[in-house]
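Spelled out from the first residue to the last, the chains are:
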Amino acid sequence: MRIGFIGDIVGRPGRKIIKENLSKIKEEFNIDFVIANGENASHGFGLTVESAKELFKSGIGLVTGGNHSFDKKKDMLALLETSNVLRPDNYPEGLIGSGIKICEIETSNGIEKLAVINLMGQYGMPMVENPFNWAKKLVSKLHEEEIKNIFIDFHAEVTSEKRIMLMMFKNQVSGICGTHTHVGTDDLQIFENTAYLTDIGLTGCRDNVIGMDAKIPIQKVTTGIGGHFEVPNSCKSILQMMVIDIEDGKAINTFKIKKYCNNPKLFITEAYID
């Protein structure tokens, strides 16, 4: 199977570039299923029911989350009950929703199962259970159920936590991709049958501060006085996607697609195979 993973979608510009380009990219590259981190998809903070509908209509099959998952609390509670929307699974037990989903995906070889896991790191994040111990339990249970195709969206602040996740689960899961920083890293690779990227980067405005208008961030660092971060109405946007070919649980190929607004060309980054 061939899956795609889109980085943190930030506000209307992120949703717009997906709406305008995703269906064409899926068709051109024969992508069977697309996952996207959508915790910033509505005004930069959280996810509304309407924004989720827009993303699903654009061709996304499953939406993952992170530390902003509950910024639009009422909407998120409804989405977790009714839609293909995840929140980090290692939030404290008893919280509504889940961070794991076993998807049945139609491929050229028939219906195949893919387990998607959404986890959140510890440094600089809300209170969560230890993501590494939590992942060990989840992956072990999936293997017991003979589910080999496994993808992890690890929403974490620091690169070291993401790299540790790879070292722990290389050759046990098909792919691991980091989210949260909104800054893409240059370490796309296949390491012992696991596709890995420390951070996919954002999908949204690229000519400001991690998808937000630069005025308030500049004010905050120069005066110490913050304010409400806003997603610009008009900007230069980018779509970033990691694509993974999975065969019998192993990543056999991976590459990254970048689509810049107003540029018909797609920029492709090939993986380093270790």
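Reading the values: rules and limits
- Residue positions within a chain follow its written sequence, with the count starting from 1.
- Reporting in this predicted model follows two pLDDT cut-offs: at least 70 for local features of residues, and 80 or more for side-chain atom pairs to be given and counted; totals over whole chains, interfaces and linings ignore these cut-offs and use all residues.
- In computing side-chain properties, one takes all heavy atoms of the structure into account and sets aside hydrogens as well as water.
- Only protein chains enter the accessibility calculation, which uses a 1.4 Å probe; a residue is then buried when its area is under 20% of its type maximum, exposed when over 50%, and partly exposed in between.
- Segments assigned H or I by DSSP are reported as helices when at least four residues long, segments assigned E as strands when at least two residues long, and all are numbered from the N terminus.
- Each pair of strands is called paired provided DSSP finds at least two bridges between the two strands.
- Between rings of Phe, Tyr and Trp, where Trp is taken as its six-membered ring, a pair exists when centres lie within 6.5 Å; planes separated by under 30 degrees are stacked, by over 60 edge-to-face, and by other angles tilted.
- Only when the NZ of Lys or the CZ of Arg is both within 6 Å of the ring centre and within 35 degrees of the ring normal is a charge said to sit over the ring.
- Salt bridge, as used here, is a side-chain nitrogen of Lys or Arg placed within 4 Å of a carboxyl oxygen of Asp or Glu.
- By definition here, a helix of n residues has an expected span of 1.5 Å times n minus one.
- Throughout, the arc means the angular range of directions from the helix axis out to the C-beta atoms.
- Every residue pair with non-hydrogen atoms within 4.5 Å of one another is taken to be in contact.

## Details of the pairing of strand E1 (residues 2-6)
Turning to step 1, where the next piece is worked out: Taking burial as the measure, the five residues of E1 include five buried ones, the bulk of the element.
Turning to step 2, where the next piece is worked out: Of the two faces of E1, the one holding Arg2, Gly4 and Ile6 and the one holding Ile3 and Phe5 are both buried throughout.
Turning to step 3, where the next piece is worked out: Bridge count between E1 and strand E11 (residues 237-247): five bridges; the pairing is antiparallel. The residue of E11 that forms the bridge with Arg2 is Asp245.
Turning to step 4, where the next piece is worked out: Pairing geometry for E1 and strand E2 (residues 33-37), over four bridges, is parallel. In the sheet register, Phe5 faces E2, and the bridge partner there is Ile35.

## Re the environment of Ala251
Turning to step 1, where the next piece is worked out: With respect to the element layout, Ala251 can be found in strand E12 (residues 250-260).
Turning to step 2, where the next piece is worked out: A sequence separation of 77 residues divides Ala251 from Ser174, and the C-alpha atoms of the two residues are 5.3 Å apart.

## Observations regarding the packing of aromatic side chains
Turning to step 1, where the next piece is worked out: This model, assessed by the stated rule, comprises five aromatic pairs.
Turning to step 2, where the next piece is worked out: With a centroid separation of 5.0 Å and an interplanar angle of 50 degrees, the aromatic rings of Phe5 and Phe151 are classed as tilted. Residue Phe5 is located in strand E1, and its partner Phe151 is located in strand E6 (residues 150-155); the two are separated by 146 residues in the primary sequence. In this structure, Phe5 and Phe151 share a single accessibility class: buried.
Turning to step 3, where the next piece is worked out: Where Tyr260 meets Phe267, the ring centres are 5.4 Å apart and the plane angle is 85 degrees; that geometry is what we call edge-to-face.
Turning to step 4, where the next piece is worked out: The partly exposed category is assigned to Tyr260, whose relative accessible area is 22%.
Turning to step 5, where the next piece is worked out: Over the face of the ring belonging to Trp134 we find Lys137, whose NZ or CZ atom lies 4.2 Å from the ring centre.
Turning to step 6, where the next piece is worked out: Between the NZ or CZ atom of Arg163 and the centre of the ring of Phe191, over which it lies, the distance is 5.8 Å.

## Topic: the pattern of salt bridges
Turning to step 1, where the next piece is worked out: One pass over the structure, following the stated rule, counts eight salt bridges.
Turning to step 2, where the next piece is worked out: Two residues, Asp245 and Arg2, come together in a salt bridge whose shortest N-O distance is 2.5 Å. Of the two residues, Asp245 sits in strand E11 while Arg2 sits in strand E1, which places them 243 residues apart along the sequence. Comparing Asp245 with Arg2, the two get one shared label, buried.
Turning to step 3, where the next piece is worked out: With a closest N to O distance of 3.7 Å, Lys170 and Glu192 form a salt bridge.

## Notes on the pairing of strand E5 (residues 110-120)
Turning to step 1, where the next piece is worked out: Buried residues dominate E5, accounting for eight of its 11 residues.
Turning to step 2, where the next piece is worked out: The pairing of strand E4 (residues 100-107) with E5 spans eight bridges and is antiparallel. Within E5, the position partnered with Glu104 by the bridge is Lys113.
Turning to step 3, where the next piece is worked out: The turn linking E4 back onto E5 is made up of two residues.

## Let's talk about the sheet that holds E4
Turning to step 1, where the next piece is worked out: Taken together, the seven strands give an open sheet; going across it, the order is E4-E5-E6-E7-E9-E8-E14, and neighbouring strands pair in mixed fashion. Of all strands in the sheet, those with a lone pairing partner are E4 and strand E14 (272-273), marking the two edges.

## A look at unusual backbone geometry
Turning to step 1, where the next piece is worked out: Not every positive phi belongs to a glycine, and Asn171 is a case in point at roughly 65 degrees.
Turning to step 2, where the next piece is worked out: Among the secondary structure elements, Asn171 is positioned in the loop between helix H5 (159-169) and strand E7 (175-179).
Turning to step 3, where the next piece is worked out: Owing to a relative accessible area of 46%, Asn171 belongs among the partly exposed residues under this scheme.

## Regarding helix H4 (residues 131-144)
Turning to step 1, where the next piece is worked out: Here H4 spans 20 Å end to end across 14 residues, near enough to the 20 Å set by a 1.5 Å rise per residue.
Turning to step 2, where the next piece is worked out: Within H4, burial applies to Pro131, Phe132, Trp134, Ala135, Leu138, Val139 and Leu142. The buried residues of H4 all sit within an arc of 150 degrees when viewed along its axis, so they share a single face. Turned more than 90 degrees away from the buried face of H4, the exposed residues are Lys137 and Glu144.
Turning to step 3, where the next piece is worked out: Where H4 is buried, its residues meet E4, E5, E6 and H5.
Turning to step 4, where the next piece is worked out: Backbone geometry just after H4 places Glu146 at a positive phi near 60 degrees.

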